[in-house]
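Spelled out from the first residue to the last, the chains are:
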Amino acid sequence: QVQLVESGGGLVQAGGFLRLSCAASVRTFSSYTMAWFRQAPGNEREFVAALPWTGGSTPYADSVKGRFTISRDNAKKTVFLQMNSLKPEDTAVYYCAAKDYTGSYYRSRSYPYWGQGTQVTVSS
């Protein structure tokens, strides 16, 4: 069983930054692919970024490339999302997710484990 707890959300002005954290309660954190998704009101949950457990290339959504960076600290069993140059359209609830080696990085249904979400609000 994997438990995920996000933190770091809040209210920020456009152009600002936030750093989200997701602490995992799991024995073998390094063997999980970790990802961030987000969901704005009235929208479906969408992929933001993922960190494969293999350490390969890091996929990002086109809308966040060059602004967001996903990273992980396996010793602390934590994954981070550094969000710079934030825009009002980044406003959403951000969710941390975990999966094993199966399934697509981009599809939320591939991830069996989810955190409770943290609200990010970007004002214009």
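Up top is the structure these notes are about.
Conventions used here
- Residues numbered from 1 in each chain as written.
- Predicted model: local features only at pLDDT ≥ 70, side-chain atom pairs only at ≥ 80, totals over all residues.
- Heavy atoms only, no water.
- Buried < 20%, exposed > 50% of the residue type's maximum accessible area, 1.4 Å probe, protein only.
- Helix = DSSP H or I, 4+ residues; strand = E, 2+ residues; numbered from the N terminus.
- Pairing = 2+ DSSP bridges.
- Phe/Tyr/Trp six-rings, centres within 6.5 Å; stacked < 30°, edge-to-face > 60°.

1. As for the pairing of strand S4 (residues 33-39)
Counting buried positions over the seven residues of S4 gives six, a clear majority of the element. The sheet contact formed by S4 and strand S8 (residues 92-99) spans seven bridges and is antiparallel. Note that in S8 the partner of arginine 38 across the bridge is tyrosine 94. With five bridges joining them, S4 and strand S5 (residues 46-51) adopt antiparallel strand pairing. In the strand pairing of S5, tryptophan 36 is matched with alanine 49. As consecutive antiparallel partners, S4 and S5 are separated by six residues, and within that stretch glycine 42 has a phi angle of approximately 80°, a positive value.

2. Looking at the packing of aromatic side chains
Per the stated rule, a full pass over the model turns up seven aromatic pairs. Here the aromatic rings of phenylalanine 37 and phenylalanine 47 are separated by 5.7 Å at their centres, their planes lie at 80°, and the arrangement is edge-to-face. Remark: phenylalanine 47 occurs in strand S5 and phenylalanine 37 occurs in strand S4; sequence separation between them is ten residues. The two residues phenylalanine 37 and phenylalanine 47 agree in class, both being buried. Taking 6.3 Å as the distance between ring centres and 80° as the angle between the ring planes, the aromatic pair formed by tyrosine 95 and tryptophan 114 counts as edge-to-face. Placement of the pair is tyrosine 95 in strand S8 and tryptophan 114 in strand S9 (residues 113-114), with a sequence separation of 19 residues. Residue tyrosine 95 is classed as buried on the basis of its relative accessible area, which comes to 13%. A relative accessible area of 26% means that tryptophan 114 is categorised as partly exposed. Clustering of aromatic rings is evident, with ring pairs tying together Phe37, Phe47, Tyr95, Tyr106, Tyr111 and Trp114.

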